[in-house]
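Results of the structural survey
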Amino acid sequence: MAYAAVPNASLWVRSEPFTSGVLPVPPHPRLNFHNINKLVLYAKGKGRLGFPKLSYTVWKHIACNKLQLSEDLAWMYFTACDTLSGRTAAEQLDWYSKYHSAKSQSEKDQLKNQTSVELFKFVLLLYIQHLNKISLRSSLISGDEWPLRSRSPSPDIEGRPSTPTGSKNLDEHSHLHFVLQNLTEMLDLLVEPDSYSLGAGAAEKSLSMEAMQGLSFLIEGSLDKNRIVKPLHDIALQQQIQAKCGYSKISETFSVKKLQSWLRSSLGTNPFGVSSCIANGRRLSWPITGEEKEATSGRKGKIATNAHFVTDERLARAGNKLIIMSQVCKQTVVRMSPTLEHSSVKIHRCHQSFIYLLSPLRNVSIEKCRNTTVVLGPVECAVHMNHCDQVTLIAVSNRVSVSHSQLCTFHLLTPTRPLIFSGNDSLIFAPYNTFYGRLEKHMTEVGLAEQPNVWDQPFCVGPDHHDNMALAWEIMQQKDFYMFTVPFEMEGDTKNVPGGVPSRYQKSIKLKEKQVEQWQKMVKEAGLSRDHRKQFQALVESRFQAWLSESGHKRELDGLATASTGSKK
């Protein structure tokens, strides 16, 4: 008699909840295991308002009255979970439309109170905030000086060893280590309360199917060498896997003891993480143009992707399709392509460059870049900037955050308050100032509308923030505002900045236009002879070319001509 082979399940920790859901600061001291566990018990006691979906009303009461979190921070955690849980673009657009149409703050509060997220997913999101918790004990064991700077692999595209500085939010090895180290407490947050009353200790603890679905927020896997990716609960219900993970058909629950043993033996490296993309990804030959000496010195930027084995759109929109750009220096990149669509983009160590990524995106991280302009298509989840210097970001995004950066400018269209974490200086926030033909179509695809837009309401987050942190940022002065033109044509219906430019900045634009008209009128009425006009024109062109070279715009213009020709592949 032949028996079917038992499939070997490979499991891994999903990157997106950590990269987009974990704040790059130590968590609030009251956001500990004990209080998160009390949240679960309290929510279940509230009936349908708390379980299986947690209403914002219940969470706000606990967060503000019990945990002493600010209401803005409570709402930020809640919306982060909602976004990462798979709310459709149509649902998000509908909610934003209702919120913007609300005529009073009480109506807006009522709309917030009607929202809900899955309880187990939310408590796990709160728990993994401890990824960035400062630990004296771990610092002593590792021999590192305390307080320890946050770290990440900062990987090289060609697979050389990673550097020790950066943000561990981007490091899938840190994610796996965190889950394995804290798996017992994470499962205890999801345990059925009735299982404690059985009197047999940990061996009798059990998890419901709702708890397993919540755990799938952090863990997924495959039974066929990653050809088909499934959430954890679907894999656990496979006939040949049920005994390993302790599933009981009678009670429809999972034994915590067996489940934990199975998870520890099956969890491995994320095949869709940064390291895997570097090791097994495909090198992209995007047109990258710059100064001749850069192109011939072997320092041309490196770009890799795993898009060739992330062909399922569901997988891509769960943050698994990656594009990594590294060391693009004194060059121009222009892209709008299917490979780019709904990908999570890592822009790393790019200097004195101009980067245009004009497709709908999932997430974007910009790390250790300087003197660079980044223009993005609409970003469905979040953009985070870290350790950057003199970077200009022009973006439509569901959320924008920045840490350890200075002299950076943000032209934003965002429905949530920009988050300012630790270590920033001289940040400038300004209204969104550009458009391209397909912009509004791309915004609809990712669930973003022209309103609400709170680009001018930054929110400082972190244990070291206090009143004078406001000195780290300012709103752009009217005289410094300008319109940014995407310098090539594209088909589409968008002809203006979505939602328009605020009236006070429109006045500045009109003033500059008037100054140009006055200049043209003065030249016309100067009565110059033909020879004088030629001399004057030559002088103006000479001064203009000198300004282009000094400002770096000549390099941008030279690069655009070549880069845009292959931008759609």
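Residues numbered from 1 in each chain as written. Predicted model: local features only at pLDDT ≥ 70, side-chain atom pairs only at ≥ 80, totals over all residues. Heavy atoms only, no water.

A few words now on helix H17 (residues 439-446). Three or more residues of H17 are buried, namely Leu439, His442, Met443 and Val446. Angular distribution of buried residues about the axis of H17 spans 105 degrees; they occupy a single face of the element. Elements that come into contact with the buried residues of H17 comprise helix H5 (89-101), helix H16 (313-320), strand E17 (361-367), strand E19 (379-386), strand E20 (389-396) and strand E22 (409-413). Where H17 terminates, the next one or two residues include Gly447, which has phi positive at roughly 80 degrees. (Buried < 20%, exposed > 50% of the residue type's maximum accessible area, 1.4 Å probe, protein only. Helix = DSSP H or I, 4+ residues; strand = E, 2+ residues; numbered from the N terminus. Arc of directions from axis to C-beta. Contact = heavy atoms within 4.5 Å.)

Strands pair in a sheet through their backbones, by hydrogen bonds, and they do so in one of two ways: parallel or antiparallel. Strands sit in the order E10-E12-E13-E15-E17-E19-E21-E23-E25 across an open sheet of nine strands; the sheet is mixed. Two strands in the sheet have a free side with no partner beyond their single neighbour: strand E10 (282-283) and strand E25 (459-460). Looking at chain direction, strand E15 (residues 344-348) and E17 are connected through five bridges and run parallel. Within E17, the position partnered with Ile347 by the bridge is Ile366. Strand contacts of H16: strand E13 (322-326), E15, E17 and E19, with the helix running at about 35 degrees to E17, the strand carrying the most contacts. (Pairing = 2+ DSSP bridges. Axes fitted to C-alpha atoms, helices over the stretch in contact; angles between N-to-C directions.)

Time to look at helix H9 (residues 172-190). The terminal C-alpha atoms of H9 lie 23 Å apart, and with 19 residues this falls more than 12% below the ideal 27 Å at 1.5 Å per residue. Of all the bends in H9, the greatest measures close to 70 degrees and is centred on Leu183. The N-cap residue of H9 is Asp171: its side-chain oxygen and the backbone nitrogen of His173 are 3.0 Å apart. (Expected span 1.5 Å × (residues − 1). Bend = angle between axes of the 7 residues up to and from the residue. Polar contact = N/O pair within 3.5 Å; in protein donor to acceptor, adjacent residues only side chain to side chain.)

Turning our attention to the environment of Glu252. Considering the arrangement of structural elements, one finds Glu252 in the loop between strand E7 (247-248) and strand E8 (253-255). Once the C-alpha coordinates of Glu252 and Ser208 are considered, the two residues, 44 residues apart in sequence, prove to be 6.9 Å apart. Residue contacts for Glu252: discarding those within four places in its chain leaves Met209 and Tyr247.

For the protein, per-residue confidence averages 85 on the pLDDT scale, and 83% of positions sit at 70 or higher. Confidence drops under a pLDDT of 50 for residues 138-166, and excluding neighbours within four residues, the segment shows 60 contacts in the predicted structure. Segment residues 196-202: pLDDT under 50, and four contacts once partners within four positions in sequence are set aside and those in other chains are kept. (pLDDT = per-residue confidence, 0-100.)

The next point concerns the packing of aromatic side chains. Using the criterion set out here, one finds 19 aromatic pairs in the structure. Taking the centre distance of 5.5 Å and the plane angle of 75 degrees together, the rings of Phe51 and Phe120 count as edge-to-face. On the criterion of sequence distance, the pair formed by Phe51 in the loop between helix H2 (33-44) and strand E2 (53-55) and Phe120 in helix H7 (residues 119-127) is long-range, its members being 69 residues apart. Of the residues examined, Phe51 reaches a relative accessible area of 23% and is grouped as partly exposed. (Phe/Tyr/Trp six-rings, centres within 6.5 Å; stacked < 30°, edge-to-face > 60°.)

On to the pairing of E20. The buried fraction of E20 amounts to six of the eight residues, a majority that puts the element mostly inside the structure. As paired strands, strand E18 (residues 370-376) and E20 are joined by five bridges and run parallel to one another. Counted as the bridge partner of Arg370 is Asp389 from E20. Two elements, E20 and E22, share five bridges in a ladder whose sense is parallel. Pairing of Ala395 across the sheet is with Leu412, part of E22.

Within the open sheet, the three strands sit side by side as E4-E8-E7. Their pairing is antiparallel. Unpaired on one side and paired on the other, strand E4 (206-208) and E7 mark the two borders of the sheet. Pairing between E7 and E8: two bridges, direction antiparallel. Among the inter-strand pairings, Tyr247 is bridged to a residue of E8, identified as Phe254.

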